[in-house]
Amino acid sequence: MLAKMNNKISYLLNTVRCIHRCNSVLAPKSSATTRKHTLWLSIFPSLHGSSLRFVSQKTDVFSTGAKIQPEKSTEVLVSQQAPQCSLELEKLDDSGSFKVKHVMDHSEQFFNSLRKCTCPCDALDLASESAVSTKHFTSCLTTVWRLFKNLSEDQQRYEKQLIFEHPAFVKLCQQLLRDSRRMTRGDLVFSLHAMVNLGVPQNTLLVQTLLRVCQEKLNQLDNRCISVLATALAGLDKDKNVSALQAGLQLLVEQRIPSIRDIFILQNLMKCMGKDAPVFLKKKLEMAVLKERDHLTSPNALRVFLALVAMNYCSIPILNACSKKIQENVHDIPFWQLILILEGCSSLQYRNVKLFSALADYVTSAACLWDKRQIILLLSAFETLGFQPSELMGIFAEKVTEDPEFLNLKNLLIVLRVYSRLNYVPRSQKHLFFETLHSCLNKYLPQISNTELLKAVYSLCILGYLPHRALDELLQKDNRGELILSDDLYKEQKEVMLRCVKACMELDSPSFTKPAFVLTDNFPSLVSFNLRKAREALIELLGDENMFQQNVHLPYKYHIDFEIRMDSDRKKVLPIAATDDHADSSVQRLAFLFVPLSAFCVGTTHPQGKLAVKKRHLNRLGYHVILVLNKKFQEMTNEDAVEFLKGKIYSEDAFPFSEVTVQDNN
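Residues numbered from 1 in each chain as written. Predicted model: local features only at pLDDT ≥ 70, side-chain atom pairs only at ≥ 80, totals over all residues. Heavy atoms only, no water.

Engineer: Before we move on, could you go through the packing of aromatic side chains and cite the residues and values that matter?
Structural biologist: Within this structure, the stated rule accounts for 17 aromatic pairs. Ring geometry for Phe-396 versus Phe-406: centroids 6.1 Å apart, planes at 80 degrees, classification edge-to-face. Taken together, the residues Phe-396 in helix α21 (residues 390-402) and Phe-406 in the loop between α21 and α22 (409-421) connect sequence positions 10 residues apart. Note on accessibility: Phe-396 and Phe-406 belong to one class, buried. Joined through ring pairs, the aromatic side chains of Tyr-419, Tyr-424, Phe-433, Phe-434 and Tyr-465 make up one cluster. Between Lys-372 and the ring centre of Phe-406, over which it is positioned, the NZ or CZ distance is 5.4 Å. (Phe/Tyr/Trp six-rings, centres within 6.5 Å; stacked < 30°, edge-to-face > 60°. Helix = DSSP H or I, 4+ residues; strand = E, 2+ residues; numbered from the N terminus. Buried < 20%, exposed > 50% of the residue type's maximum accessible area, 1.4 Å probe, protein only. Lys NZ or Arg CZ within 6 Å of the ring centre and 35° of its normal.)

Engineer: Talk me through the packing of helix α20 (residues 372-385) against α21; I want residue IDs and the actual numbers.
Structural biologist: Relative orientation and spacing of two packed helices are given, respectively, by the angle between their axes and the distance between those axes. Relative orientation of the contacting elements α20 and α21 amounts to 140 degrees, with a least axis distance of 11 Å. The angle between α20 and α21 falls in the class oblique. At the point where α20 passes α21, the crossing takes the left-handed sense. Contacts between α20 and α21 involve Lys-372, Ile-375, Ile-376 and Leu-379 on the former and, on the latter, Leu-392, Met-393, Phe-396 and Lys-399. Of the residues in the contact of α20 with α21, the class split is 6 nonpolar, no polar and 2 charged. (Axes fitted to C-alpha atoms, helices over the stretch in contact; angles between N-to-C directions. Parallel < 35°, antiparallel > 145°, perpendicular 65-115°, else oblique. Left-handed = near helix turned anticlockwise from the far one by under 90°. Contact = heavy atoms within 4.5 Å. Nonpolar A, V, L, I, M, F, W, Y, C, P; charged D, E, K, R; others polar.)

Engineer: Pulling in residues and values, what's your account of the state of the cysteines?
Structural biologist: This model, assessed by the stated rule, comprises 0 disulfides. Here Cys-314 stays free of any disulfide, with the sulfur of Cys-345 as its closest cysteine sulfur at 9.1 Å. The partly exposed category is assigned to Cys-314, whose relative accessible area is 34%. (Disulfide = S-S within 2.5 Å.)

Engineer: Which residues make up the packing of helix α6 (residues 120-130) against helix α8 (residues 153-165), and what values do they have?
Structural biologist: Contact geometry for α6 and α8: axes closest at 9 Å, N-to-C directions at 10 degrees. It follows from the interaxial angle that α6 and α8 lie roughly parallel. Contacts between α6 and α8 pair Pro-120, Cys-121 and Leu-124 from the former with Glu-159, Leu-162 and Ile-163 from the latter.

Engineer: Tell me what's going on with the environment of Gly-622, and back it up with residues and numbers.
Structural biologist: With respect to the helices and strands, Gly-622 occurs in the loop between α29 (609-620) and β8 (623-629). On the basis of relative accessibility, which here comes to 15%, the residue Gly-622 falls in the buried class. Gly-622 sits 31 residues away from Ala-591 along the chain, and the two C-alpha atoms are 9.7 Å apart. If we ignore the near neighbours within four places in the chain, the residues touching Gly-622 are Lys-514 and Arg-589.

Engineer: Can you break down the nonpolar core residue by residue, with the values?
Structural biologist: In terms of nonpolar packing, the biggest core is built from 159 residues, with Phe-169, Leu-229 and Tyr-419 touching the most fellow members. Among residues more than four places away in sequence, those in contact with Leu-229 are Val-189, Leu-192, Cys-214, Leu-218, Leu-221, Leu-245 and Leu-249. (Core = buried A, V, L, I, M, F, W, Y, C linked by side-chain atoms within 4.5 Å.)

Engineer: Pulling in residues and values, what's your account of the confidence of the model for the protein?
Structural biologist: Low-confidence regions, as indicated by low pLDDT, have predicted coordinates that should not be scrutinised in detail. Per-chain confidence: the protein averages 81 in pLDDT, with 79% of residues scoring 70 or above. Across residues 10-103, where pLDDT falls below 50, the model places 140 contacts with residues more than four positions away in sequence or in other chains. With pLDDT under 50 throughout, residues 654-666 is counted as low confidence; its partners more than four residues away or in other chains account for 37 contacts. (pLDDT = per-residue confidence, 0-100.)

Engineer: Outline the pattern of salt bridges, supporting the account with residue identities and numerical values.
Structural biologist: Inspection of every chain in the model, using the stated rule, returns 19 salt bridges. Two residues, Glu-383 and Arg-417, come together in a salt bridge whose shortest N-O distance is 3.1 Å. Within this pair, whereas Glu-383 is found in helix α20, its partner Arg-417 is found in helix α22, the two being separated by 34 residues in sequence. A salt bridge links Arg-535 to Glu-545, with the shortest nitrogen-to-oxygen separation between them at 2.6 Å. In this pair, Arg-535 sits in helix α27 (residues 532-542) while Glu-545 sits in the loop between α27 and β4 (549-553), placing the two residues 10 residues apart along the sequence. One salt-bridge network, held together by shared partners, links Glu-153, Asp-154 and Arg-157. (Salt bridge = Lys/Arg side-chain N within 4 Å of Asp/Glu carboxyl O.)

Engineer: How would you explain the side chain of Asn-442 if you had to name every residue and give the values?
Structural biologist: Summarising the element assignment, Asn-442 is placed in helix α23 (residues 430-443). For Asn-442, a relative accessible area of 16% gives the class buried. In contact with Asn-442, other than residues within four places in its own chain, are Arg-469 and Ala-470.

Engineer: Explain α29 to me, using residue names and the numbers behind them.
Structural biologist: A rise of 1.5 Å per residue sets the reference length of α29, with its 12 residues, at 16 Å; its end C-alpha atoms lie 17 Å apart and thus fit the reference within 8%. Every buried residue of α29 is listed here: Gly-609, Leu-611, Ala-612, Val-613, Lys-614, Lys-615, His-617 and Leu-618. In this structure, the buried residues of α29 make contact with α22, α24 (450-462), α26 (491-507), β5 (559-566), β7 (588-595) and β8. Where α29 terminates, the next one or two residues include Gly-622, which has phi positive at roughly 105 degrees. (Expected span 1.5 Å × (residues − 1).)

Engineer: Could you give an account of the side chain of Gln-588, with specific residues and numbers?
Structural biologist: Within the element layout of this structure, Gln-588 appears in strand β7. You can call Gln-588 buried: its relative accessible area is 16%. Only 2.9 Å separates the side chain of Gln-588 from the side chain of His-624, close enough to count as a polar contact. Those residues in contact with Gln-588 that lie beyond four places of it in its chain are Ile-564, Arg-565, Met-566, Asp-567, Ser-568, Arg-570 and His-624. (Polar contact = N/O pair within 3.5 Å; in protein donor to acceptor, adjacent residues only side chain to side chain.)

Engineer: Could you give an account of unusual backbone geometry, naming the residues involved and the relevant values?
Structural biologist: Unusually for a residue other than glycine, Gln-429 sits at a positive phi of about 55 degrees. Structurally, Gln-429 is set in the loop between α22 and α23. Here Gln-429 falls in the partly exposed class, since its relative accessible area comes to 47%. A positive phi angle, near 55 degrees, is found at Asn-551, a position not held by glycine.

Engineer: Go over α22, please, and point to the residues and values.
Structural biologist: A rise of 1.5 Å per residue sets the reference length of α22, with its 13 residues, at 18 Å; its end C-alpha atoms lie 18 Å apart and thus fit the reference within 8%. Along α22, 10 of the 13 residues are buried, which leaves the element largely enclosed by surrounding structure. Looking at the buried side of α22, the elements it contacts are α20, α21, α23, α24 and α29. The positive-phi residue at the C-terminal boundary of α22 is Asn-423, with phi of around 55 degrees.

Engineer: For the pairing of β8, give the residues involved together with the corresponding values.
Structural biologist: Of all 7 residues in β8, 6 are buried; the element is thus mostly enclosed. Alignment of β7 against β8, held across 7 bridges, turns out to be parallel. Its bridge partner lying in β8, Leu-590 is registered against His-624. In this fold, the crossover linking β7 to β8 by way of α29 has right-handed handedness. (Pairing = 2+ DSSP bridges. Right-handed = clockwise from strand over helix to strand, strands pointing away.)

In structure tokens form, the structure reads like this:
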């Protein structure tokens, strides 16, 4: 009987202690002291070795237990004893024997409540009220991050302060530090990932400890955990722990790649390994993705595409596969991702005409729904690629003439650059479009810089339009020496632009008349190695090198590769010496220009701005210009090269684009 009485008293005391501990855990919600909103970064230095104190790179984050553990304040004692609340004591029989039982109902209720949280602070409130195990704390932390990342940028700034000021966040961090070595591998890497992305400083003891524990458990991580860890490390600066962990992770990834079949994990590893990954590792990742490319979904295709960009690795087979998926679902892609795709193509030097056309057609089809500034950014991205979305540019030109007020100086300069480089002139209302741009430029003349003025005038001149008022101001600045300074980093580029502007002023002026003949200089010794094949073909075709000129330099610093002179009927080639200084207008001059693929808009034989203005000016000087794509010409056999030049010389067509096609990557 006495034994039973002692057992009952012991049970009563244990029950009272358990209730007291649970009340202690719940107390912070109503306690005025613990509810003070003080920034956690300013609290922690006063915790005497607490879990988030700042450490230098040389500080050993694995101090002795006495140094790591905070002083035994009431708050810390409560947090250490709190896990006991996860147990309940249940009487089994009258003999007084008891059994410790896990409260499964409590955990289920906890996770149900966690799923209902709608903001990060809700999860922290729940942690302070009900979290009693490491799993609870880590789940709260990952929920905080999940809810936080879905907020807008402005909301994140406000919510981040509330998170750091929340009293439960400090306790949560302390709990993670104490239990870091006892965490499951998933809880460990997800906790590190959440801390890094929430902005907890890298040099805190908590982050450094999690990094060290990840090093110790690296070989135990499964593929999913490796992916999460790689993402977390990508957001950290280099230090001794990060560098050591990245080196180990790289070796582990190399070993695991053959076993990874999840395309999401593969693209994440590609993105996190980054451009600094060794080439052999990039190739292994490429082969792993190629094995799974038939299972690509549209979202995964976009992620893989951007992962290749992050890795700075141009895999044409993967890019082509991703591009097809993107084209099929282009209507589901938001604006900012369209920009990322185009910027990625530029950085990888990937040219896919079908992809570019699909994106341009999508924007064109709903141009009325797009903001004008968004269209400007897209046109700028297309211009960087050298692709001309002609229909979209025509629609946007109409928008500019209808409502030019939205063009600030920055957007005006972008529009001028895009239309001049891509050599696009609206078919209808051409003069109105130019006048509108000129009027906008005049409005900004009082505030425009010298460099911006030169670029704006240069762009309009490339398009064949002379902005007289802006030209006058430009020439005044040039005469005063304000335009090009001796220490200017872009002096040479500015000189080229200014020379082109002055050439346009003369050659594009209505008063300019075609000269009877043009004085030329011949420099045969400077013929490019790439043009030797053309020279040999011309000798074989014409029988004598005196029947043509090579490397011809003209006024305005223009240059042509080969010049041939013919009679008015284009039936007979005339010797160069016999027609020198010949004023007879019956002599026709042919100018052969062997140009690179980059001189044309992507996927077309439409010349870009620089080549277009040169062709226009050579026409004004009396030349019939024949453009030859040098790459295609070099691929011809000698016999085909001779036949090709013969067809161009004796043909009335001065533009041989029909025989020189441009291929895309597909």
